[in-house]
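Given next are the chains, with one letter for each unit.
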Amino acid sequence: MKKNVLALSIAAMIGGLGFAGVASAVVIPGGGAANSVDPVVDYADATKNKMALTNATALSVTTGGTGHNLIVPYFTVQDGNMTVIHLTNTDTVNGKAVKVRFRGAANSDDLLDFQVLMSPGDVWTAAVTAAADGTAQLSTADGTCTVPSLKGVTQKFDTRRLPTSVGAAGTREGYVEIFNMADISGKDLYTVGTTTSTKSALYTAIKHVNGVAPCTATVIEPIMLKKDHTEETAVKAGFNTPTTGLMGDWYIINVAKTTTFSGAATAVTAVVSGTDSTAAKGNFVVFPQLADAVGATIDNFTADPLLRTANIGTTKTAAGVASVAPTTVPAIEAAFYDLPDLSTPYVVAGGTATAPITQAEILTGALAVKTITNQYATDAGISAKTDWVFSMPTRRYSVALDYRQTTPSRVYTNGIVGDTDPATAGVQAGAYFHASNTSLDSGKICVTSDKQAFYDREETTKTAGAVFSPGAVDKARFCGETSILSFGTSTSGVLGAALAAQFTETAAYTNGWGVIDVTNGNVGLPILGSAFIKLTNPQASAGVSGNYGITWPHRFTK
């Protein structure tokens, strides 16, 4: 690439970039024929250039494992850990223009984002490790095209959206958002001035040839860095509305401790009429990977309360809870690289300030659960330890922490609600997050569960009394966007978590299972995660590794 745009990522808030004066229509619903999945390109008639019709109306967490968008609930480089991500395009016809964003565990702050341009059937891999100074860093030897180029480049995570007191430590844990912004059509449609059809220049630039992707910068940059795509320019560039087909996997490996944990990314699919459909198409949401300011149109593209200028404040506060006055000046001036995010209109019509709020509401509802159940083990005979990971990837679109204040304060996006009134005085009906169910603790936003129960393996139950450090607390708290609950310890758990860690100094029982109630006024909470169990075989002979890692996904009720 001609310039390292990634080095500029996360920098727009520093210095006076000013608001851009031209609106950028980069959320585009496809306007093609109802029964077609292919784009239409007609160089002689501009009115005929259409992407396939956007028909998705809802979002669903898919059991099949592939989707339009993916969420990796946890990554870490703490305590010698390395996290590796595998991203697969299972679509063998079309390429995918994919956005990847790493967010911090404490308060979902953007740490690193870039684009991956995948050819049909392609796999992209990358590893997150700790640099010498402790900052998380991304490296890959993969030849898949990225914007900007990452092949052979070790890219450190950025700390400029974190409090200065946190610095590199704030980059070492978090979660990952992955979205299919648009398909890159594999059809022969794109020859100008002749009757012969060929594939688009963009497709040819990203398609592997004899195992190597050309990644032609002179083709990719003008298309991917364009701020003002219309449906016509998007189609002529080679784009089509996004379909499903992304699959993600992750593993956390600790070489020194000979332990590995692994799992699949949560797949979210855009659907028609509430059912999984491979033909469902979302809106085109390709934004340029640039640090230029988005400007006054930002409210049309995100529900993030730190980036927005409307529907912001703490109007959902309960009596006696201090609030920050609503503001029309964003806490962070958004750059184009901030988009898309999980709230960018994908299955709803764009162009209004409430569209991202509706999108965030739909996705939060799809992820919301009312109970979380899993196993734990702390058997000293096999040196067993257990961590439960709780990730809330849509919390950022309801509430975020504004570090600009003398005392960091919660800022809310108003209007993201579920189906039922939680019956709490002063709270907007059905809100997932509000001033009554959130609090601040050591610079992190916390949410408290409704209740919990632990069981041993012989049917004995204990509904209270497990100690959640610090002090005797009988309700689990989710402090941080991605929080870790470590069983049977008051210091370090399985994953070495430090940013949002909580400890049960003594587990309810040595081995057993538990259920945490997050009914939250009957709307639930958007939580993903797993149990990570580490144990050691005391009979292993000298020179033979006896350490083992087990990963069990949480079980949920909705």
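Heads up: the structure comes first, above all this text.
Residues numbered from 1 in each chain as written. Predicted model: local features only at pLDDT ≥ 70, side-chain atom pairs only at ≥ 80, totals over all residues. Heavy atoms only, no water.

**Some thoughts on the sheet that holds strand β21 (residues 438-441)**
Inference 1: One open sheet accounts for three strands, arranged β21-β22-β25; its pairing is antiparallel. The open sheet is flanked by β21 and β25 (477-479), the only strands paired with a single partner. Mean inter-strand twist for the sheet, computed between neighbouring axes without regard to direction, equals 30°.
Inference 2: Pairing analysis gives three bridges linking strand β22 (residues 444-448) to β25, with the strands arranged antiparallel. Counterpart to C446 in the pairing with β25 is C479. (Pairing = 2+ DSSP bridges. Helix = DSSP H or I, 4+ residues; strand = E, 2+ residues; numbered from the N terminus. Axes fitted to C-alpha atoms, helices over the stretch in contact; angles between N-to-C directions.)

**Focus on the state of the cysteines**
Inference 1: According to the stated counting rule, one finds two disulfides in the structure shown.
Inference 2: Linked covalently through their sulfurs, C145 and C215 form a disulfide whose S-S length is 2.2 Å. Linking C145 and C215, the disulfide has an S-S dihedral of approximately -100° and is accordingly described as left-handed. Here C215 lies in the loop between α2 (201-206) and α3 (217-224) and C145 lies in strand β8 (residues 145-147), a separation of 70 residues in the sequence.
Inference 3: Taking relative accessible area as the criterion, C215 reaches 27% and is therefore assigned partly exposed.
Inference 4: Sequence-ordered numbering of the bonded cysteines in the protein gives a pairing of 1-2, 3-4. (Disulfide = S-S within 2.5 Å. Buried < 20%, exposed > 50% of the residue type's maximum accessible area, 1.4 Å probe, protein only.)

**Topic: the pairing of strand β18 (residues 385-391)**
Inference 1: Buried residues dominate β18, accounting for six of its seven residues.
Inference 2: One ladder, built from four bridges, connects β18 with strand β30 (residues 530-536); its direction is antiparallel. Its bridge partner being in β30, W388 is matched across the sheet by A531.
Inference 3: The pairing of β18 with strand β26 (residues 482-487) spans six bridges and is classified as antiparallel. When the bridges of β26 are listed, T386 appears paired with F487.

**Remarks on the packing of aromatic side chains**
Inference 1: What the rule picks out here adds up to 15 aromatic pairs.
Inference 2: Each ring, one from F75 and one from F102, has its centre 5.4 Å from the other, and the planes form 80°; the classification is edge-to-face. Highlighted residues: F75 in strand β2 (residues 69-76) and F102 in strand β4 (residues 95-104), separated in sequence by 27 residues. Exposure class is identical for F75 and F102. Each is buried.
Inference 3: Aromatic side chains F102 and F157 sit 5.1 Å apart centroid to centroid with 50° between the ring planes, which places their arrangement in the tilted category. One end of the pair, F102, is in strand β4; the other, F157, is in the loop between β9 (155-156) and β10 (173-184), and 55 residues separate them in sequence. (Phe/Tyr/Trp six-rings, centres within 6.5 Å; stacked < 30°, edge-to-face > 60°.)

Purely geometric numbers; function is a separate question.
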